[in-house]
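Chain and residue survey
Residues per chain, in single letters:
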Amino acid sequence: MNLCITSYSRFHGNKVLVNDRLVFYQENILNFADFIKSVYKQEQINYPKFYKMDAISKLGFLAADLVLKEATVEGYPPDAVGVVMSNSSSSMDTDMAHNETIKDRSSYFPSPSVFVYTLPNIVIGEVCIKNKIKGENAFLISETFDARLLCDYVEELFINERVEACLCGWVEVLGDNCNAMVALVEPEARRRNEDIPGFRFLPFNAGSLDLIMKRN
Amino acid sequence: MGRIKDHMKKSVYILNDNIITSLGFTTAENTAAIRQNMSGIHTISDPVLYPVPLPLSQVDTTVLDSEFGMLLQLYKKNVPAGPYTRLEKMFILSIHATLDGYAEMAANPKTLLVISTTKGNINLLEGRYKNQFNHKRVYLWEFGRIIQQFFGFRHPPLIVSNACISGLVAIMAASRFIQSGLYDHAVVAGGDIASEFVISGFQSFQALSPAPCKPFDLHRTGLSLGEGCGSMILSVSPGNATKSSVRITGAATTNDANHISGPSRTGAELSQAINLSMNQAALTPGDIDYISAHGTATPYNDEMESKAIDLSRLTHVPVNSFKGYWGHTLGAAGIIESVAAITSMKDNFLYRSAGFDTPGVPVPLNVITSHHHTAVNTCLKTASGFGGCNAAMIYQKD
């Protein structure tokens, strides 16, 4: 079974790439919140729950959505599609927000709507809800992007026949620094005839993932 | 993908294990306490930890520090003098105990360290630790590096942080990597501490029970938090196990795709994870001898689990939850509960589900009401968590 990357998105700084094309770029971005909202608006995704999400979920949600705009997982059984994500700081961005609410005993206001996002895998839940994906999930942590690890993990899912397609990637936000990549991995046999114009499917391996991460 | 050819032939054995909780610092201490119907959940009044008293299952700090002090003496020449955080002490003690008799495994290039935790050193966000530890220490990769370097593991650890199913995801990741030949052995360790960060969050969800938790009971009112650490060695070889060896024969995760903080209303997705793992192990519902459930004692979790167990046609199977003994230990749960379940298999002895008196889930389950001897050859372990995740795992005894 040869696996390939049939669609990918890349978020870095104030740019968004989808399948080698620059789809978003804005000169004067103030901060992450401004950036991610601008991308959301440009893509005209009508999903009010988006505004309730924390930074990492917004980033991962949009990154997955752009991938699935150009390739679909709808032909697969919901429990045969997996989502494997990774990052460096886990949910630290939201952890600090929750910590602010409990720092001072005289103004103690922990909130369930913040606390629920203090787990990195919530972004996987958000992606699954939007796209009706019900298969394998895992969130892995490494100091820097580890293409080998991601590749090995996802390959095991295919080898064990746990998935027929899998979204995988890196979703990192800390303050205003964001860095994300999401790729859809499918067996070559399933690739459709009409390739995405101008984009050649990449073989699924660590080299391809590293290559995508280098596209800024 | 040339690895696919021989993966079906390989079995993954569990060679050794350890549990550190409020009930003890070894697997044997923990199971002995459980046999005596002891619970580690007690009302704690510690204003530094949390403003009001609440039931909690805590690891004994005095014993932890003294055991760790002795261990540090043993390793003195080769490891940094410290300081070490509360969670690091638990992980190091647990892994050290698990490696007893397998010490050479740490430095073996074919050994992988797998870590499961939801929050790691999250207490370091509290101001009082600022001068004691480098700010990097709160990141899970730095936590993992400390553990890796202490024992001299060759590879950076695989770190899983996937809410309450982290422990089972860690075990299945290790097991799959061994089956496909990437590694021959894995040390899998999982843990979390009871921190103000986590307690305040669960409290804001109104998920905490004012009394020790009562999984599957009619009068259950929420979960009790606990802290702890567990570890196990997985290997391609059955090793020198004196009792019959236990293998991992099926594993799967699924997602509800329904809600980020509430379980599925139907249990269909947990049931699917159970069915997938039974299929992989080539077992049918009639083959399962025992279920070690997640059983957090929140109204919705236990309700969902009962429906899932019913959908998988397993309501006849004896089931328990260990949460009544040591609370919900988050990143440790999947591992320590698996280790305890494996002792049931080795000893052919099922433990009472603590806190359960009156049936209280929509589909009646065969909840274990008293400790008893019975043949336990196959065990299903389940877990579910925030983010809509579910996991199921099959253990089989040779």
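Only a predicted model underlies this, so the values are computations on that prediction, with no experimental measurement involved.

Rules used in this analysis
Residues numbered from 1 in each chain as written. Chains lettered and ligands numbered in written order. Predicted model: local features only at pLDDT ≥ 70, side-chain atom pairs only at ≥ 80, totals over all residues. Contact = placed C-beta atoms within 7 Å. Helix = DSSP H or I, 4+ residues; strand = E, 2+ residues; numbered from the N terminus. Nonpolar A, V, L, I, M, F, W, Y, C, P; charged D, E, K, R; others polar. Core = buried A, V, L, I, M, F, W, Y, C linked by C-beta atoms within 7 Å. Buried ≥ 20, exposed ≤ 12 C-beta atoms within 10 Å, placed from the backbone. Domains from an automatic or database assignment. Pairing = 2+ DSSP bridges. Axes fitted to C-alpha atoms, helices over the stretch in contact; angles between N-to-C directions. Parallel < 35°, antiparallel > 145°, perpendicular 65-115°, else oblique.

Brief notes about the interface of chain B and chain A
The interface is formed by 43 residues belonging to chain B together with 46 residues belonging to chain A. Contributing elements (two or more residues each) for the side of chain B that touches chain A: α1 (4-7), α5 (140-151), β5 (158-160), α6 (166-179), α7 (196-204), β9 (246-255) and α8 (268-280) of chain B. Sort the elements by how many residues they give to the side of chain B that touches chain A and α7 of chain B lands first, with five residues. Here the residues of the side of chain B that touches chain A are counted per class, giving 23 nonpolar, 16 polar and four charged.

Looking at the nonpolar core
Within the largest apolar cluster, 198 residues are counted, with the highest numbers of intra-cluster contacts made by Leu59, Val67 and Ala183 of chain A together with Val114, Ala174 and Val188 of chain B. For this core, the element with the highest residue contribution is helix α2 (residues 55-70) of chain A, accounting for 10 residues. Among the domains, domain 1 (4-235) and domain 2 (247-397) of chain B are the pair contributing at least three residues each to this core. Once residues lying within four places of it in the same chain are set aside, the contact partners of alanine 183 of chain A are Ile5, Tyr8, Val67, Cys168, Gly169, Leu209 and Ile212 of chain A.

Quick look at the domain arrangement of chain B
Residue and element names in this part refer to chain B. Along its sequence, chain B is organised into domain 1 (4-235) and domain 2 (247-397). Measuring from the centre of the C-alpha atoms in domain 1 to the corresponding centre in domain 2 gives 20 Å. The interface of domain 1 with domain 2 comprises 60 residues on the first partner and 54 residues on the second. Only β1 (12-20), α2 (27-35), β3 (54-57), α6, β6 (185-192), β7 (225-226) and β8 (228-235) provide two or more residues apiece to the side of domain 1 that touches domain 2. Element by element, the count of residues in the side of domain 1 that touches domain 2 is highest for α6, at seven residues. Looking at the side of domain 1 that touches domain 2, its residues break down into 26 nonpolar, 27 polar and seven charged.

Considerations on the pairing of strand β4 (residues 81-87) of chain A
Residue and element names in this part refer to chain A. The element β4 is extensively covered by neighbouring structure, given that seven of its seven residues are classed as buried. Here β4 shows two buried faces, one formed by Val81, Val83, Met85 and Asn87 and the other by Gly82, Val84 and Ser86. Bridge count between β4 and strand β5 (residues 137-141): five bridges; the pairing is parallel. The partner of serine 86 across the bridge, within β5, is leucine 140.

As for the packing of helix α3 (residues 92-102) of chain A against α7 of chain B
With their axes 10 Å apart at the nearest point, α3 of chain A and α7 of chain B run at an angle of 80° to one another. In terms of their interaxial angle, α3 of chain A and α7 of chain B are classed as roughly perpendicular. Across the interface between the two elements, His98, Asn99 and Ile102 of chain A of α3 of chain A pack against Glu196, Phe197, Ser200 and Gly201 of chain B of α7 of chain B. When the residues that make up the contact of α3 of chain A with α7 of chain B are grouped by side-chain class, the tally is two nonpolar, four polar and one charged.

Comments concerning unusual backbone geometry
All names here are of chain B. In this chain, glycine 82 is followed by proline 83 through a cis amide linkage whose omega measures 10°. Counting through the fold element by element, proline 83 comes out in the loop between α3 (61-75) and α4 (86-98). Phi angles above zero are rare outside glycine, and alanine 163 is one such case at about 55°. Not every positive phi belongs to a glycine, and phenylalanine 216 is a case in point at roughly 65°.

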